[in-house]
Amino acid sequence: MPQTIELIMPDDFHVHLRDGAALQFTVPDVARQFGRALIMPNLKPPVTSAALALSYAERIGAAIPPESIFTPLMTLYLTNKTSMGDVRNAFDAGIKGFKLYPAGATTNSDDGVTRLDLCDPALSMMAELGMPLLVHGEVTDAAVDIFDREAVFIQTVLIPLRARHPALKIVLEHITTKAAADYVQSAPEGIVATITAHHLLYNRSAMLVGGIRPHYYCLPILKRESHRAALLQAATSGSPRFFLGTDSAPHAQDAKEAACGCAGCYTASHALELYATAFEQAGALDKLEGFASVFGAQFYGLPLNTQKIRLVKESWQMPAELAFVGTQKLIPLNAGETIAWRFDGVI
Ligand code: DOR
Ligand code: ZN
């Protein structure tokens, strides 16, 4: 009998679904494995108001397969102009948080924040309401090396931000460094972090050895092995400060395989298999349920999902490509590779 694991149905607390026709492809993938997902607001134009988020949620809802129990959890895009009233409206509309993209940090971040001090009134209101700030934690200063941008962000932006707003709940999204794992583990309470499957499994050599492999390019960029090891240690530590956020980010094949390729790894199709592989490597499959199904829900004040899912230790081959909008293709991470765990569905 192959080894099996049963988990409380997991949630993905960081995913990019895009909009329009893309939803027909991205939503069923996420809805197959997760009970809920926190939907990132970096559309073009960005999702900056409760009204925009609610209509986006309806479009997502229309793409959820009929048998699925999936619920999207909506977020808003913080800008220099986000007001206290915007925060109050968002809270009243059930929005789960605001996402801070430093302007220029990543995909569709051009409308992001250029001066965080301008957001202080909005951040005070979020702290008062208990609404979390979700942070893309990289500085954008051209003088700071891309591999150092997360560590510098913690020192120069995050620590001063927490000093100004000690009651603000913060999620440091998709952490990639030992500095971030150590900071989140030891900082005063109120800060947590999401970790992607790709940052648990790969270091920068996966992207750069034997040729440039654009499907491993994401932001924050993969770091050296010591950082991957520290992230895996944090994820499998059993600390409720670390939980699952795939950062699955679809870009069509031609936008990835280009002279200036887009950042993002598509993992929504096989996310739980990748996390199980990483946790098994660390000898910590018993810690997967807390990380995938419990700690995130607890942080966001949500009940645990009542369903369960099963994973089976059984090899299968990831397709070389997935269908995407029109004639475009989506190349998932691990395209054509053998995956050791298989998602066996909701039980
Ligand atoms: O790799 C990434 N892709 N990182 C991000 O922060 C954004 C995302 C996207 O939207 O494509
Ligand atoms: Zn993201």
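Before any of the text, the structure's been laid out above.
Residues numbered from 1 in each chain as written. Chains lettered and ligands numbered in written order. Predicted model: local features only at pLDDT ≥ 70, side-chain atom pairs only at ≥ 80, totals over all residues. Heavy atoms only, no water.

(A) Highlighting the sheet that holds strand S10 (residues 308-317). An order of S1-S10-S13 is seen for the three strands of this open sheet, with the pairing classed as antiparallel. Each of the sheet's edge strands pairs with one partner strand only, and the pair in question is strand S1 (4-8) and strand S13 (338-346). For this sheet, the mean inter-axis angle between neighbouring strands, taken without regard to orientation, is 35°. Two strands pair when backbone bridges link them, and S10 and S13 are joined in this way by six bridges, in the antiparallel orientation. Across the sheet, the residue bridging to Gln317 is Thr338, located in S13. (Pairing = 2+ DSSP bridges. Helix = DSSP H or I, 4+ residues; strand = E, 2+ residues; numbered from the N terminus. Axes fitted to C-alpha atoms, helices over the stretch in contact; angles between N-to-C directions.)

(B) Quick peek at helix H5 (residues 149-164). End to end, H5 covers 21 Å across 16 residues, agreeing with the expected 22 Å (1.5 Å per residue, within 8%). Within the span of H5, buried status applies to Arg149, Glu150, Phe153, Ile154, Leu158, Leu161 and Arg162. Close packing links the buried residues of H5 with strand S5 (97-100), helix H4 (120-129), strand S6 (133-135), strand S7 (170-172), helix H6 (178-186) and strand S8 (191-195). (Expected span 1.5 Å × (residues − 1). Buried < 20%, exposed > 50% of the residue type's maximum accessible area, 1.4 Å probe, protein only. Contact = heavy atoms within 4.5 Å.)

(C) Quick look at the site of ligand 1. Lining the immediate environment of ligand 1, one finds 14 residues, of which Arg18, Asn42, Thr106, Leu219 and His251 sit closest. Thr106 is positioned such that a nitrogen or oxygen atom in its side chain is 3.0 Å from an oxygen atom of ligand 1. The contact in question runs from an oxygen atom of ligand 1 to an N or O atom on the side chain of His251, over 2.8 Å. Contact with the protein chains covers 100% of the free accessible surface of ligand 1, which is 290 Å². (Near = heavy atom within 4 Å. Polar contact = N/O pair within 3.5 Å; in protein donor to acceptor, adjacent residues only side chain to side chain. Areas by Shrake-Rupley, 256 points an atom, 1.4 Å probe, with all protein chains shown as cover.)

(D) Representation of the pairing of S8 within the structure. Of all the five residues making up S8, five are buried; the element is thus mostly covered by neighbouring parts of the structure. The alternating pattern of S8 places Ile191, Ala193 and Ile195 and Val192 and Thr194 on opposite faces, both of which are buried. For the segment spanning S7, H6 and S8, crossover handedness is right-handed. Of the pairings in the sheet, the one linking S8 to strand S9 (residues 242-244) comprises three bridges and is parallel in character. Considered in S9, the bridge of Ile195 is made with Leu244. (Right-handed = clockwise from strand over helix to strand, strands pointing away.)

(E) Region of the structure containing the pattern of salt bridges. All told, the structure shown has 13 salt bridges when counted by the stated rule. Ionic pairing is found between Asp117 and Arg115, a salt bridge with its closest N-O pair at 2.8 Å. Given the relative accessible area of 40%, Asp117 is considered partly exposed. A salt bridge links Lys329 to Glu321, with the nearest nitrogen and oxygen atoms 3.8 Å apart. Each of Glu6, Arg310, Glu314, Arg342 and Asp344 takes part in salt bridges that share partners, so that together they form one network. (Salt bridge = Lys/Arg side-chain N within 4 Å of Asp/Glu carboxyl O.)

(F) Broad picture of the packing of H5 against H6. Where H5 meets H6, the axes come as close as 9 Å, and the angle between the chain directions of the two elements is 25°. Of the possible angle classes, the one that applies to H5 and H6 is roughly parallel. In the crossing of H5 with H6, the sense of the turn from one axis to the other is right-handed. Together, Glu150, Ala151, Ile154, Leu158, Ile159 and Arg162 of H5 and Ala179, Ala180 and Tyr183 of H6 make up the contact between the two elements. When the residues that make up the contact of H5 with H6 are grouped by side-chain class, the tally is seven nonpolar, no polar and two charged. (Parallel < 35°, antiparallel > 145°, perpendicular 65-115°, else oblique. Left-handed = near helix turned anticlockwise from the far one by under 90°. Nonpolar A, V, L, I, M, F, W, Y, C, P; charged D, E, K, R; others polar.)

(G) Quick peek at the coordination of the zinc ion (ligand 2). Coordination of the zinc ion (ligand 2) by the protein comes from His14 (NE2), His16 (NE2) and Asp247 (OD), over a distance range of 2.0 to 2.1 Å. Mapped onto the polypeptide sequence, the residues donating to the zinc ion (ligand 2) form the spacing pattern H-x1-H-x230-D. With a gap of 233 residues between them, His14 in strand S2 (residues 11-15) and Asp247 in the loop between S9 and helix H10 (253-256) connect regions that are remote in the sequence. Residue classification places Asp247 among the buried residues on the basis of a relative accessible area of 7%. (Donors = N, O, S within 2.8 Å, 3.2 Å for Na, K, Ca; no water.)

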